[in-house]
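# Architecture and fold: a report
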Amino acid sequence: MPQPMACPVLPTTSALRPIVIDDVRLTGGFWGKRQERNADRTIAHCLTWARRAGWLANFTAAIDGTLPAARRGREFSDADVYKVAEAMAWEVGRSGNVRLDKEILDFGELLAAAQHPDGYLNTKFDAARYTDLEWGHELYCYGHLIQAGVARLRTAGEDDLTAVAIRAADHVCAEFGPGGRERVCGHPEIEMALVELYRATGEHRYLEQARLFVDRRGTRTLADIEFGRQYFQDDVPIKQADVLHGHAVRALYLACGAVDVAVETGDDELLWAVARQWEQTLASRTYITGGMGSRHQDEAFGEAFELAPDRAYAETCAAIASVMLSWRLLLATGEARFADLIERTLFNAVAVSPDEHGTSFFYRNTLHQRRLPDVPVTDSVSPRAAAGMRAPWYDVSCCPTNIARTLTSLGGYVATTDVEGVQLHQFMAAEIKTDVADLHVQTDYPHDGKVTVHVLRTVSREWTLSIRIPSWAVDAAISTADSRQTVGPGYTKVRRQWQAGDQVVLELPMAARWTWPDPRIDAVRGCVAAERGPLVYCLESVDQPDADLDTLAVLTSQPPEPSGGFTLTAPARWSRLPDRSWPYGSAITPAELASTAVFVPYHLWGNRGPSTMRVFVPEHPPQ
């Protein structure tokens, strides 16, 4: 078995090599504080609710023979328990948390006792295996079990959890391999999990099974449903699709698995098919926050430019899956555009989900909250479509558990290496260890645009430090001890024979700016959004007590101005409308009043109680 490497995605070959999470230590700042809050509160919160909701007890019921009567939760609740286990595994690897290590050992024993001798393990379909591949999520649950097992294998070595995961993978290969069931799961996930298990163990049958699942997708092995086969991407083969479509999380998870298979098998046609789909999805089906998925009825991508802000579904899991896909494409190609989308999505569509305590979460992430929301319940599960305020737990709690596993492994997305040197993709305060150098990144980004990279240790030969300049940073500057130059978007490379004590300073332009949407997005034509650095801003009603967000318009002759703290302000007008019984016509002119629009970072909204909110604001006609 290969030497364990603590890294969520570890290709055997790629343009860039990831750095294991225990060699990247976040040291405070925006993401470091969130990672610590995740370790201190969020993981324990998820574990507590998995027990409280009865999802952990389902495995005990499997051992006791009291299923299905004793079972609680949706058909996929096993997967959320596995995601908590994965989060714990990465956290143990990152910080050495002894309490979580004991939790994993106990959980592994529980799973081992619940697993059938042939490797089957599912608390919902224990007596009716694979009878509902469209909706049953059995292979989806295996995928998360296997990913938890890989995380444990790479951070602690072999134990009960890893053995359970491997037996489950062997079972999948036996049931769905050559000569077995020529089917796929309605919810992709198993594909990337099997590839990662192949990478962790060297067992080629796991890669071959993942390839079979990818090749079968789109060949109509699943039954048709009311949403159409595109819902679970079974309408056309992956290589023939031009854009990501159907259920957003399913589409993105499938794309991740397809990239993994393409990289490991040398299938360039498959790799570039997914890259093409990513590009088209970014161009016409992605919100300004990086959120993906505009349809509520099926949690799906809409048509091109179907991006109404008040109907944005933009599920948190879709944002995380988008980061996962962009990271795989970045490793495979080394192209900065993939790191750009990771940054936008992390700071907005992902960071908005957990509250300031790390114990309540948005499931979907609207860009326009029209009415004051109801306060969610805190002592029981909430409906997943509840919007406007974060809830502690949902009947579908894939998002909190996804947040937990993502934040604890976040250090793995900061930097990479290749034969030339080190690449810095995301600006987080961190200490980074590589074969060629140890680096310390000092920054208060995104609240400040200065990023200083200190060289603490280095090999005695030339190597290249590549630093990503974000696509919005058109006039950035980079300085060393003997030079200063203006640089544009893409990777700026500094090559030299470095010495301990050297440093590079990146200065990013952090002036606030207005962003106008593509005019083909009907719902926001005539509107603008405020941005600063990687952050998208929004108006929240608690900051505009005298103005109505529905009738407020901003003057855009000058960019928004910083006004202390994290806020921006801009001159605005708002209309006091008379009562009327007909919403059309212009017989009555509303009274127009001067105002000041106060913008806050989108990721902070909803932390001060019930409020209305909007990202895109009407632009006041020029005077």
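Please read these numbers as outputs of a predicted model, since none were measured by experiment.

### Quick look at the pattern of salt bridges
One pass over the structure, following the stated rule, counts 45 salt bridges. Close ionic contact of E91 with R94 constitutes a salt bridge, the shortest N to O distance being 2.8 Å. One end of the pair, E91, and the other, R94, are both in helix 3 (residues 77-95), three residues apart, so they sit about a helical turn from each other. Between R229 and D234 there is a salt bridge whose closest N-O contact spans 3.7 Å. Overlapping salt bridges bring together R154, E196, R199, D260, E264 and R328 as one network.

### Overview of the sheet that holds strand 1 (residues 17-18)
Sheet architecture is open: five strands sit in the order 1-4-5-9-12, paired in mixed fashion. At either margin of the open sheet sits one strand with a lone partner, and together these are strand 1 and strand 12 (490-497). As judged from the four bridges shared by strand 5 (residues 421-424) and strand 9 (residues 462-469), these two strands associate in the parallel manner. Note on strand 9: the bridge partner recorded for Q423 is S466. Across the sheet, helix 12 (residues 336-350) is in contact with strand 9 and strand 12; its angle to strand 9 comes to roughly 50°.

### Section: the nonpolar core
Grouped together as the largest cluster of nonpolar side chains are 185 residues, with contacts concentrated most on W31, L145, L325, I432, L508 and F599. With 13 residues, the top contributor of residues to this core is helix 9 (residues 248-265).

### Regarding the pairing of strand 11 (residues 483-487)
The side chains of a regular strand alternate, residue by residue, between the two faces of the sheet. Pairing geometry for strand 10 (residues 476-480) and strand 11, over five bridges, is antiparallel. Considered in strand 11, the bridge of A477 is made with T486. The turn linking strand 10 back onto strand 11 is made up of two residues.

### What to know about the packing of helix 8 (residues 204-216) against helix 9
At a minimum axis distance of 10 Å, the contact between helix 8 and helix 9 shows a crossing angle of 125°. As summarised for this structure, helix 8 and helix 9 are arranged oblique, according to the angle between their axes. Helix 9 is crossed by helix 8, and the crossing has left-handed handedness. Contact residues: L207, A210, R211 and V214 in helix 8; G257, A258, V261, E264 and T265 in helix 9. Class assignment for the residues of the contact of helix 8 with helix 9 results in five nonpolar, two polar and two charged.

### Section: the environment of M5
Along the polypeptide, M5 turns up in the segment before strand 1. Given the relative accessible area of 37%, M5 is considered partly exposed. Contact partners of M5, with chain neighbours within four places excluded, come to L10, V20 and R154.

Quick notes on the rules
Residues numbered from 1 in each chain as written. Predicted model: local features only at pLDDT ≥ 70, side-chain atom pairs only at ≥ 80, totals over all residues. Heavy atoms only, no water. Salt bridge = Lys/Arg side-chain N within 4 Å of Asp/Glu carboxyl O. Helix = DSSP H or I, 4+ residues; strand = E, 2+ residues; numbered from the N terminus. Pairing = 2+ DSSP bridges. Contact = heavy atoms within 4.5 Å. Axes fitted to C-alpha atoms, helices over the stretch in contact; angles between N-to-C directions. Core = buried A, V, L, I, M, F, W, Y, C linked by side-chain atoms within 4.5 Å. Buried < 20%, exposed > 50% of the residue type's maximum accessible area, 1.4 Å probe, protein only. Parallel < 35°, antiparallel > 145°, perpendicular 65-115°, else oblique. Left-handed = near helix turned anticlockwise from the far one by under 90°. Nonpolar A, V, L, I, M, F, W, Y, C, P; charged D, E, K, R; others polar.

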